[in-house]
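So you can see what is in the structure, the chains are spelled out below.
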Amino acid sequence: FFSLVPFMLRCRISAWAREVGRRRSSSLTAKECGEFLSQDPQAAAEVVKTLSESSRARLVQEVLKREAGGPASDHARKLFAQTDLNADGTVSINEFAAFLRLHQRAAGSGGQVTTEAGPTPLQLRRLFLRSLVPMIGFGMVDNGIMIVAGDMIDTSLGSALCISTMAAAGLGNMVSDVAGIGLSSSIESAAGKVGLPSPNLSVQQLEMGACRRVMAGGSVLGISVGCLLGLTPLLFFDSKKKEMRQVFFSMDLDHNNFLDLNELSAAMTKLDFHIQTDVLLDRAIEVSGSAPISISFETFCKIVHSFQPPVPWWQFWNRV
């Protein structure tokens, strides 16, 4: 028995020596691996491909443990702030996906992986104004030209071509779209001369969800305000003029573009103005300045307007 004790001790010591040597060898191999990855970033993808799912999960856990505490905690907080785009203290799946896409693009280019901090509230306000102002101009030009062109087409070509009011509006919209293409650069140049401060955002920041939502909101509000301002021409339109033109030429039986007193009386009756002939004659003399033998279309419009009650300017929808 006593002769076996030294032999067992020698075996135990040899096993300990082999374990120490193995650990030293593995530590050296890990150090060499880290130096190799730092020299060749593309090798990291190849290494990850060779790992099993459990090995990858264990590797991620070790990385997170190291980033969570000690000197690397500031770096972890910085990465979290860059990932939390809306600064609500939590990272949504969309924010994390955007963060991964950013790293994938940087890794695919073979360059250093860089991240951009989220935009500040001041930058978002400036971006909102930069998106708002040009769209106001676009809305004004588009709606204003459509209304003016549609009215001109409806008045001049509507009867000749026998087209409806909606068809005239569609043709007016075509004219406004063509004009918008030609005036787009001028509108953007004019908006740039307003003197709005630049948000100073990078391309990566402009691709963030917060910037996209702000740009969409500014564009929607701007185009809405512009279209409302583009309704201004309606304040100067006379929607009854088309009806008066149709009645005038339908009552012009001899087709000489003038009405006599009897034709004038019939036209006023057709427009629901039941007026006695002597009163109508007095009004025609008052409007034209003399006793008219024949009444032109312009004089006819003045006579009709003289019997209509005035419409307040703020009730512009009654002019439509």
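Scroll up a little and you will see the structure.
Read on for a plain summary of the structure. Computed from a prediction, not measured in an experiment: that's the story for all the values here. (Residues numbered from 1 in each chain as written. Predicted model: local features only at pLDDT ≥ 70, side-chain atom pairs only at ≥ 80, totals over all residues. Heavy atoms only, no water.)

### A word on the environment of G150
Relative to the helices and strands, G150 resides in helix 6 (residues 121-156). Each C-alpha atom, one on G150 and one on V175, is 8.6 Å from the other, the two residues being 25 residues apart in sequence. (Helix = DSSP H or I, 4+ residues; strand = E, 2+ residues; numbered from the N terminus.)

### Let's talk about unusual backbone geometry
Notably, N200 is not glycine yet its phi reads approximately 55 degrees, a positive angle. Checked against the element boundaries, N200 lands in the loop between helix 8 (165-192) and helix 9 (203-206). If you check the backbone angles, N257 has positive phi at about 65 degrees while not being a glycine. Summarising the element assignment, N257 is placed in the loop between helix 11 (240-251) and helix 12 (261-270).

### Observations concerning the environment of H305
Of note, H305 is situated in helix 14 (residues 297-306). You can call H305 partly exposed: its relative accessible area is 34%. For the pair H305 and K240, spaced 65 residues apart in sequence, the C-alpha separation works out to 9.6 Å. (Buried < 20%, exposed > 50% of the residue type's maximum accessible area, 1.4 Å probe, protein only.)

### What to know about a nonpolar patch on the surface
Residues F80, V91, F96 and L100 make up a contiguous nonpolar surface patch of about 310 Å² in total accessible area. Along the chain, F80 falls in helix 4 (residues 73-83). (Patch = residues over 30% accessible without salt bridge, like charges linked within 9 Å, V, L, I, M, F, W, Y side chains within 5 Å. Areas by Shrake-Rupley, 256 points an atom, 1.4 Å probe, with all protein chains shown as cover. Salt bridge = Lys/Arg side-chain N within 4 Å of Asp/Glu carboxyl O.)

### Considerations on the packing of helix 12 against helix 13 (residues 277-288)
For any two helices packed against each other, one specifies the inter-axial angle together with the distance between the axes. Running from N to C, helix 12 and helix 13 cross one another at 105 degrees; their axes reach a closest spacing of 11 Å. Relative to helix 13, helix 12 is oriented roughly perpendicular. Residues L261, L264, S265 and M268 of helix 12 pack against T277, L280 and L281 of helix 13. Partitioning the contact of helix 12 with helix 13 into residue classes produces five nonpolar, two polar and no charged. (Axes fitted to C-alpha atoms, helices over the stretch in contact; angles between N-to-C directions. Parallel < 35°, antiparallel > 145°, perpendicular 65-115°, else oblique. Contact = heavy atoms within 4.5 Å. Nonpolar A, V, L, I, M, F, W, Y, C, P; charged D, E, K, R; others polar.)

On their own, these measurements won't tell you what the molecule is for.
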